[in-house]
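Read off the chains here:
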Amino acid sequence: MKGESLRKKAAQQREHQKSTSEVEIVADPGLRKLIEEYDVGARDRIQKEYVAIGPCQPRGHNFPRKKMGKDNRCFREVWFKDRDWLEYSVSKDAAFCFWCYLFRPSNIGFGGDDVFTRSGFINWKKTIEKFNEHVGGVGSAHNEARIQFEGFKNQRQSVEYSFSSGKHELEVAYRKCLTSILKVIRFLLLQGLPFRGHDESSTSSNRGNFLELLKWYSSECPEVAVVVGMNAPGNNQMIAPKIQKQLVNACAVETTNAILADLGDRWFTLLLDEAHDCSVKEQMTVVIRYVNKHGEVIERFMAVVHVATTTAACLKEAIDSLFAKYGLSVARLRSQGYDGASNMSGEFNGLKSLIMKENPYALYVHCFAHQLQLVVVVVAQANQYVCDFMWIVGSIVNTSASSCKRADKLRQLEHDRKVKLLERGEISSGRGLNQETSLARPGDTRWGSHHSTLCRIEQMWPSVIEVLQNLIDDGDRSSKGLSRTLVERMERYEFVFILLLMKRILAITNHLSTVLQEKDQNIVNAMRLINNVKCKLQKLRDSGWDILLKDVKKFCNTHSIEIINMTDNINSRSRLKRDGKNVIDIILQEMDSRFSETTTDLLIYMSCLDPRNSFSRFDLQKLVRLAHFYEDDFSWNERMLVEQELETYIDDVRSDERFEGISDLGALAKKMIETMKNRVFPLVYRMIELALLLPVATATVERVFSTMNIVKIDLRNRIGDEWMNDSLIVYIENDVFNTVDNEPILQRFQNMESRRMQLSRIR
């Protein structure tokens, strides 16, 4: 009992230590507690975590100007160069010393240098002079702190290492052991698999994926077997759950650092949404979109953050904290992409408004795919015939495939029917053709699934009818009545008419939805696609009825459904056409209403960059106005020169055969990089980059939520937020993670805390 009590107490202390660390580690130096205010026992841990994070140097931030004497002065980003100790507080607009904050000798009193550790330095008039004065001579307090910092970071000079360092062979064995464990962790992360087992004791037959895979790896590789498990150097097995989490965190941090290095100081777009996970915790997903050095549009997952509430203020606070952690600045934002919820898109207190108050150039774009989905939802609700039809379709799926027995019967009937058709030569066989299928259940939030359901009902019509007839003959009283009603409705001409009409309409909108969700989709191409869909729908409304009625008649003849005589029954004919046209009219009206962004001046200006048909939409004056719109990104001199550069640019690309056949703005950006015309026409390329930054859809964010349901499942519902975030970063951005070498991961892991054994850095 006493041992159990001690273990519980130790576990509570570790949990308290972890939660305390998460709260106390603050990126902004102006918001931190002083190091001497921490308990003596906690200072070493706090110092290690701050050393691992590094100084707060928000590059690309829009530093505010203040009146100092006759001039307006501000902090300058160039001061960070060659000053690893320098920090900047966004909240206080002040400079701090990272080294002195952590390691200023306690026996040296605070004087004028107190400003660099407590209140913050804010006098930008004689900054360099004050910086040099703070650094001082060899024996200054700052240099004493520097020595302490370097000694702390380089554990080879620490007292602990002096006692733990052994022979070179021991370090080589330790490196092999750690590398082998890292390889196992890499595999599990890339597959999204859990690490822990239900029973990890030595007598267990299944100790979990991590231990079992490490055991298999060592059994297959003799050189691994001699350095892991009981053969590990100094019995330092490095298999504890804490070690696993630290290595995973190192993998995630290095992956994120690779993304940030690719981003550099470029502009970027913020994509964001929130949803709850399987443990009913609200999670906010953050994705950034940017144009890399090759002219490619990139969307990268940055983090999933647990938020207490989904209010705009709470989300904004979480974003500010995340930006401070990664050294990002709101000033570099050029667009925002969310759904249409009020907490996101509210004109006064929504998240987009809070961000635009800080940066008016962070333009908001409502997710196009979400808007298209809302268009189809409105159609299903506004037209009574379509509304009834969708209810019947849902009832058909639920009734004919609601039990295993009915679903098996439906599959068997469809299989037998296809065999007969193959024997008669009416259908052909081949790879991917006529596969076993069943009715797809339509989803309320995924209207592409409705198109799939309608296609399968049309394809499996005889089998569905037979299953429903069997229920009429052999089912209970409730299922008999519903099945009889469904069969009667299905065998009406009006049902077949709406089935084929909605199938055509949803095929058009579903294709648009799929294309809009591509990662590298751009706003100019999206505008063109939306206009094309409108033209297709208008063509269907004006001249598509004869073909539609012909298909309806053919379907009815094939399945012995009574056909309405359109010549004799004028009322039925006019009503069906009127209802069909009404459905299309509602869609067109909703698309005009919801996609109003496509008519804004900014997007009209950007559409002039479209390279299709030899830059036929090029308009000099509109593009000049585009440069004036982004006045912070184009200086006064550049705005004066942009017209001349545009004239030269259009003549050059139209006469260059390498630009022939380019039909997409993204392809144009890549071609300009390949031909180095981005250096010849930097202002034009800047406009193209700004156009590519505008988001089209938040599909990447939605994909993160889908992935979250793979990593955090019901059996892993107690997974911590940090552990889940680290796992998701590696799993989702696996292409980036695969480019990260083992060495930086091992070094980051080694520097997280003092280790029993040390690891030399491979140069």
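Residues numbered from 1 in each chain as written. Predicted model: local features only at pLDDT ≥ 70, side-chain atom pairs only at ≥ 80, totals over all residues. Heavy atoms only, no water.

Looking at this structure, I do not really get the overall build of the protein. What am I missing?
Check the secondary structure of the protein and you find 34 helices and 9 strands. Residue pairs in contact within the protein that sit at least 24 positions apart in sequence constitute 70% of those at least 6 positions apart. Split by element, the accessible area of the protein, about 38,100 Å² in all, is 49% carbon and sulfur. (Helix = DSSP H or I, 4+ residues; strand = E, 2+ residues; numbered from the N terminus. Contact = heavy atoms within 4.5 Å. Areas by Shrake-Rupley, 256 points an atom, 1.4 Å probe, with all protein chains shown as cover.)

Teacher, can you tell me more about the packing of aromatic side chains here?
The geometry of two aromatic rings is summed up by the distance between their centres and the angle between their planes. Tallied over the entire structure, the rule returns 32 aromatic pairs. An angle of 75° between the planes, with centres 5.2 Å apart, marks the rings of phenylalanine 195 and tryptophan 723 as edge-to-face. Placement of phenylalanine 195 in the loop between α7 (168-191) and α8 (209-220) and of tryptophan 723 in helix α32 (residues 721-732) is noted, with a sequence separation of 528 residues between them. By way of ring pairs, the aromatic residues Phe63, Phe75, Trp79, Phe80, Trp85, Tyr88, Phe116, Phe121, Trp124 and Phe131 are connected into one cluster. (Phe/Tyr/Trp six-rings, centres within 6.5 Å; stacked < 30°, edge-to-face > 60°.)

Teacher, can you tell me more about the confidence of the model for the protein here?
For any part of a model where pLDDT is low, the fine detail of the predicted coordinates should not be relied upon. Residues of the protein with pLDDT of at least 70 account for 89%, and the chain-wide mean is 85. Here residues 16-23 scores under 50 on pLDDT; set against residues more than four positions off or in separate chains, the count is 5 contacts. Confidence drops under pLDDT 50 across residues 162-166; counting only partners more than four residues distant or on other chains, this segment forms 2 contacts. (pLDDT = per-residue confidence, 0-100.)

Could you clarify how one ought to interpret the pairing of strand β8 (residues 333-338) in this entry?
Within a regular strand, the side chains alternate between the two sheet faces. With respect to burial, β8 is a largely interior element, 6 of its 6 residues being buried. As judged from the 4 bridges shared by strand β5 (residues 268-276) and β8, these two strands associate in the parallel manner. The partner of leucine 271 across the bridge, within β8, is glycine 337. (Buried < 20%, exposed > 50% of the residue type's maximum accessible area, 1.4 Å probe, protein only. Pairing = 2+ DSSP bridges.)

Is there a simple way to explain a nonpolar patch on the surface in this structure?
A contiguous nonpolar patch, built from Trp636, Met640 and Leu641 and spanning about 380 Å² of accessible area, is present on the exposed surface. Inspection of the secondary structure assignment puts methionine 640 in helix α27 (residues 636-655). (Patch = residues over 30% accessible without salt bridge, like charges linked within 9 Å, V, L, I, M, F, W, Y side chains within 5 Å. Salt bridge = Lys/Arg side-chain N within 4 Å of Asp/Glu carboxyl O.)

Whenever I open this one, the packing of helix α10 (residues 241-263) against helix α34 (residues 742-750) confuses me. Can you help?
The angle between the axes and the distance between the axes are what describe a pair of packed helices. Viewed as axis vectors pointing N to C, α10 and α34 meet at an angle of 125°, and their least axial separation amounts to 9 Å. In this view, α10 runs oblique relative to α34, as classed from their interaxial angle. Relative to α34, α10 is oriented so that their crossing is right-handed. The segment α10 lies against α34, with Ile243, Gln246, Leu247, Ala250, Cys251, Val253, Glu254 and Asn257 engaging Pro744, Ile745, Arg748 and Phe749. Grouping the amino acids of the contact of α10 with α34 by side-chain chemistry returns 8 nonpolar, 2 polar and 2 charged. (Axes fitted to C-alpha atoms, helices over the stretch in contact; angles between N-to-C directions. Parallel < 35°, antiparallel > 145°, perpendicular 65-115°, else oblique. Left-handed = near helix turned anticlockwise from the far one by under 90°. Nonpolar A, V, L, I, M, F, W, Y, C, P; charged D, E, K, R; others polar.)

Which parts of the structure should I look at to understand unusual backbone geometry?
Glycine aside, the phi torsion of most residues is negative, and most peptide linkages are trans. The phi angle at valine 280 is positive, at roughly 60°, despite the residue not being glycine. Of note, the phi angle at serine 560 is positive, near 55°, even though the residue is not glycine. Mapped onto the elements of the fold, serine 560 is located in the loop between α22 (545-558) and α23 (570-594).

What is the right way to read the sheet that holds strand β7 (residues 297-306) from this model?
Sheet strands associate in pairs through backbone hydrogen bonding, adopting either a parallel or an antiparallel arrangement. Pairing in this open sheet of 5 strands is mixed, and the strands run β7-β6-β5-β8-β9 from one edge to the other. Each edge of the open sheet carries a strand with a single partner, namely β7 and β9 (363-366). Pairwise comparison of adjacent strand axes, ignoring direction, gives a mean angle of 25° for this sheet. In the sheet, β5 pairs with strand β6 (residues 282-291) via 8 bridges, with the strands oriented antiparallel. The residue bridging alanine 275 from the neighbouring strand is glutamine 283, located in β6. Along the sheet, α32 makes contact with β6 and β7, crossing β7 at roughly 165°.

So what exactly am I meant to see when it comes to the pattern of salt bridges here?
A side chain with one charge may pair with a side chain of the opposite charge, provided their charged atoms come close. Under the defined criterion, the tally for this structure stands at 35 salt bridges. With a shortest N-O distance of 3.1 Å, aspartate 735 and arginine 300 are connected by a salt bridge. In this pair, aspartate 735 is assigned in helix α33 (residues 734-737) and arginine 300 in strand β7, connecting sequence segments 435 residues apart. Look at arginine 300 and you get buried, because its relative accessible area is 13%. In this structure, lysine 316 and aspartate 320 form a salt bridge, with 2.9 Å as the shortest nitrogen-oxygen distance. Within this pair, lysine 316 and its partner aspartate 320 are both found in helix α11 (residues 312-326), separated by 4 residues, close to a single helical turn. What emerges from the salt-bridge pattern is a single network uniting Asp652, Asp656, Arg658 and Lys677.

Please clarify how the pairing of β9 should be interpreted in this entry.
What you see with β9 is no split at all: Leu363 and Val365 on one side and Tyr364 and His366 on the other are buried throughout. Pairing of β8 with β9 involves 4 bridges; the strand directions are parallel. Looking at the pairing, serine 335 lines up with leucine 363 of β9.

Even after reading the chapter, I still don't get the side chain of serine 483, so can you show me in this structure?
Tracing the sequence through the fold places serine 483 in helix α19 (residues 477-490). Residue serine 483 is classed as buried on the basis of its relative accessible area, which comes to 0%. Leaving out residues up to four positions away in the same chain, serine 483 has contacts with Thr399, Leu468, Leu471 and Ile472.

Sorry, what's going on with the packing of α7 against α34 here?
It is the contact of α7 with α34, at a shortest axis distance of 11 Å, that shows an interaxial angle of 110°. It follows from the interaxial angle that α7 and α34 lie roughly perpendicular. Contacts between α7 and α34 involve Tyr174, Arg175, Leu178, Thr179, Leu182 and Arg186 from the former and Asn742, Glu743, Ile745, Leu746, Gln747, Phe749 and Gln750 from the latter. Of the residues that constitute the contact of α7 with α34, the class distribution is 6 nonpolar, 4 polar and 3 charged.

What am I meant to see in the environment of leucine 683 here?
Inspection of the secondary structure assignment puts leucine 683 in helix α30 (residues 682-693). Leucine 683 gets classed as buried once you look at its relative accessible area, which sits at 5%. Sequence spacing of leucine 683 and aspartate 633 is 50 residues, and the spatial spacing of their C-alpha atoms is 9.7 Å. Not counting residues up to four positions away in its chain, the partners in contact with leucine 683 are Phe634, Glu638, Leu641, Val642 and Glu645.

I'm lost on the nonpolar core in this one. Help?
General note: in soluble globular proteins, nonpolar side chains tend to be found buried as a group. Among the nonpolar cores identified, the biggest contains 113 residues, and Trp461, Met502, Met591, Met606, Tyr649 and Ile688 are the most heavily contacted of them. Of all the elements, helix α20 (residues 493-516) adds the most residues to this core, at 15 residues. Of all hydrophobic cores here, the second largest spans 50 residues; its members include Ala173, Leu178, Phe737 and Ile745. (Core = buried A, V, L, I, M, F, W, Y, C linked by side-chain atoms within 4.5 Å.)

For this particular structure, what's the right way to read the environment of lysine 577?
If you trace the backbone, lysine 577 turns up in helix α23. As a C-alpha pair, lysine 577 and tryptophan 545 span 32 residues in sequence and 7.7 Å in three-dimensional space. With residues up to four places along the chain from it excluded, the contact list for lysine 577 reads Trp545 and Leu549.

Quick question: what am I supposed to make of helix α14 (residues 368-382) here?
Residues spaced three or four apart along an α-helix point in a common direction, a consequence of the helix completing one turn every 3.6 residues. Given a rise of 1.5 Å per residue, 15 residues ought to cover 21 Å, and the 21 Å separating the end C-alpha atoms of α14 matches this to within 8%. Those residues of α14 lying buried are Phe368, Ala369, Gln371, Leu372, Val375, Val376, Val377, Val378, Val379 and Ala380. (Expected span 1.5 Å × (residues − 1).)

For this particular structure, what's the right way to read the state of the cysteines?
Linking two cysteines covalently through their sulfur atoms gives a disulfide. Applying the stated criterion across every chain, the model contains 0 disulfides. In this structure cysteine 97 is a free cysteine whose sulfur lies 3.4 Å from that of cysteine 100, the closest cysteine sulfur available. Residue classification places cysteine 97 among the buried residues on the basis of a relative accessible area of 0%. (Disulfide = S-S within 2.5 Å.)

Explain the side chain of lysine 677 here, please?
One can find lysine 677 in helix α29 (residues 677-680). Within polar-contact distance, the side chain of lysine 677 engages the side chain of aspartate 652 at 2.6 Å. (Polar contact = N/O pair within 3.5 Å; in protein donor to acceptor, adjacent residues only side chain to side chain.)

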